[in-house]
Amino acid sequence: MKQATTAAPKTQGRKLEEDDLIVIAGGGGFIGGALARYFHDKGFSRIRAVDKKPLANWYQRVPGVECLCLDLSEEANCKVAVRDAVEVYNLAADMGGMGFIERFRILCLRSILINTHLIEAAYNAGAERYFFASSACVYNTKLQEDPNCRALKESDAYPAFAERGYGWEKLVSEMFCQEYWAERGLKTFIARFHNVYGPWGTWDGGREKAPAAICRKVILAKDSGKKEINIWGDGGQTRSFMYIDDCTKGIDTIVHTDELIATPINLGRSELISINELVSVAEQIGGVKLKRTYDLSAPKGVAGRNSDNTFIKQVLGWEPGISIRKGLKPTYEWIEQQYADRKAGKKTVEDVA
Ligand code: NAD
């Protein structure tokens, strides 16, 4: 089902050349870092990653990729970041899992500054394409009160009743993208991610999402010999989880499909699983069985959320296909290594100040 947008004529652009400059905002983060590696591995030679974190805290430093430390909520820094850019990918945001976005709504809302300045700078710099990382948190929360919820299709964002703070910031930034196309002809692309996970992402510290948090808890329970795991909520809440390789492939494909200009699209798996099932998968990978306790007062988000992939299949003839069983194994193994490094006294990317 196609989103209603203010229609401007669709044009087919030129193909991205290998020496065109690609700018990735949030390049020190999980998805931005993976995207820099993805384009690098595809043969693109001019990639600029920009992030406000100190370089030592970036998850990935890809050889040959220019790395700039800039706070993109500042207008002047956005101008520097996008100079000569042909394509700009905005993956920068102050965000985290439910524990973070329920508690720090102001920080989440303030990410509006990043997209507001970055898209204006990209437009003024003459960029040809602009991508915005939106989220399933834009969807009307009233449609997500049941763990057996129906999957969310793109039109379910309106009438709007988004997740307070984070979801509203995403919804308004989506609108910026749509209007830059309608009024100024900048080709913008918007993907609504559904829970992305994988190696080289946040696994500790309060911003981590459920798959990483559960892997870490299983690893800790095994290592400590306590054989117990505490789960936020009653474990019955359901989600879909997309592996990072599906995410990077999806972003690239969406940005280079003119039919999707200024048209929000779901980018997520359509396999709905409960948090209890997620724990079972992590236990199987770790080769343990743990006693489960439940913290009913912890943040748990909406009861159920899944991605309706009718639209993406119709437009792209593709949808994210990597199952949780396949994707959680490398994620678990990477976190296990991080955990071991920390225990051995080495600093991990989460530790370096
Ligand atoms: P992340 O926290 O790993 O990466 C975001 C990066 O943005 C961080 O490295 C952070 O330092 C950087 N950043 C924050 N404020 C900045 C600023 N003012 N200037 C420059 N850099 C700044 O998160 P992620 O999982 O890689 O998410 C990337 C994008 O995808 C975000 O917009 C997020 O909202 C969106 N998203 C992610 C998920 C998910 O499951 N990971 C789901 C839905 C949407």
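Residues numbered from 1 in each chain as written. Predicted model: local features only at pLDDT ≥ 70, side-chain atom pairs only at ≥ 80, totals over all residues. Heavy atoms only, no water.

### So, the site of the ligand
Line of reasoning, step 1. Neighbouring the ligand are 27 residues, the closest being Ile-31, Asp-51, Leu-72, Tyr-166 and Val-196.
Line of reasoning, step 2. Backbone polar atom of Lys-52 to a nitrogen atom of the ligand: 3.2 Å apart, as the coordinates give it.
Line of reasoning, step 3. In this structure, Lys-209 approaches the ligand through a side-chain N or O atom, which is 3.0 Å from an oxygen atom.
Line of reasoning, step 4. Coverage of the ligand by the protein amounts to 95% of the 820 Å² it exposes when considered alone. (Near = heavy atom within 4 Å. Polar contact = N/O pair within 3.5 Å; in protein donor to acceptor, adjacent residues only side chain to side chain. Areas by Shrake-Rupley, 256 points an atom, 1.4 Å probe, with all protein chains shown as cover.)

### Concerning the nonpolar core
Line of reasoning, step 1. In terms of nonpolar packing, the biggest core is built from 69 residues, with Tyr-89, Leu-91, Phe-131, Phe-193 and Ile-251 touching the most fellow members.
Line of reasoning, step 2. Here the element with the most residues in this core is helix α1 (residues 30-41); it accounts for seven residues.
Line of reasoning, step 3. In this structure, Phe-131 is in contact with Val-88, Tyr-89, Asn-90, Leu-91, Phe-189, Ala-191, Phe-193, Ile-251 and Val-255, ignoring residues within four places of it in sequence.
Line of reasoning, step 4. Within the second largest apolar cluster, 24 residues are counted, among which are Leu-72, Ala-122, Cys-177 and Tyr-180. (Core = buried A, V, L, I, M, F, W, Y, C linked by side-chain atoms within 4.5 Å. Buried < 20%, exposed > 50% of the residue type's maximum accessible area, 1.4 Å probe, protein only. Helix = DSSP H or I, 4+ residues; strand = E, 2+ residues; numbered from the N terminus. Contact = heavy atoms within 4.5 Å.)

### Focus: the domain arrangement of the chain
Line of reasoning, step 1. Along its sequence, the chain is carved into domain 1 (22-198 + 242-267) and domain 2 (210-238 + 272-300 + 323-352).
Line of reasoning, step 2. Just the C-alpha atoms count here: the centres of domain 1 and domain 2 sit 27 Å apart.
Line of reasoning, step 3. Listed by partner, the interface residues are 11 residues for domain 1 and 16 residues for domain 2.
Line of reasoning, step 4. Both faces combined, the contact of domain 1 with domain 2 buries some 1200 Å², and carbon together with sulfur accounts for 62% of it.
Line of reasoning, step 5. Between the two partners, domain 1 and domain 2, sit zero salt bridges.
Line of reasoning, step 6. For the side of domain 1 that touches domain 2, the element with the highest residue contribution is helix α3 (residues 98-103), accounting for three residues.
Line of reasoning, step 7. Residue classes in the side of domain 1 that touches domain 2 are distributed as seven nonpolar, three polar and one charged. (Domains from an automatic or database assignment. Buried area = accessible area lost by both parts, 1.4 Å probe. Salt bridge = Lys/Arg side-chain N within 4 Å of Asp/Glu carboxyl O. Nonpolar A, V, L, I, M, F, W, Y, C, P; charged D, E, K, R; others polar.)

### Let's talk about the packing of aromatic side chains
The way to describe two aromatic rings as a pair is by their centre distance and the angle between their planes.
Line of reasoning, step 1. A complete count under the given rule lists nine aromatic pairs for this structure.
Line of reasoning, step 2. Seen from their ring centres, Phe-39 and Tyr-89 are 5.3 Å apart, and the 50° between their planes marks the pair as tilted. Of this pair, Phe-39 sits in helix α1 while Tyr-89 sits in strand β4 (residues 87-90), and the two are 50 residues apart along the sequence.
Line of reasoning, step 3. Judged by its relative accessible area of 0%, Phe-39 is buried.
Line of reasoning, step 4. Taking the relative accessible area as the measure of exposure, Tyr-89 reaches 0% and is therefore buried.
Line of reasoning, step 5. What links up through ring pairs into an aromatic cluster is the set Tyr-38, Phe-39, Phe-44, Tyr-89, Phe-131 and Phe-193. (Phe/Tyr/Trp six-rings, centres within 6.5 Å; stacked < 30°, edge-to-face > 60°.)

### So, the pairing of β4
Side chains on a regular strand alternate between the two faces of the sheet.
Line of reasoning, step 1. In β4, alternate side chains face the same way, and those of Glu-87 and Tyr-89 on one face and Val-88 and Asn-90 on the other are all buried.
Line of reasoning, step 2. Where strand β1 (residues 22-25) lies against β4, four bridges are found, and the strand directions are parallel. Bridge pairing in β4 links Val-23 to Val-88.
Line of reasoning, step 3. Bridging between β4 and strand β5 (residues 129-135) involves four bridges; their strand directions are parallel. Directly across from Tyr-89, in β5, lies its bridge partner Phe-131. (Pairing = 2+ DSSP bridges.)

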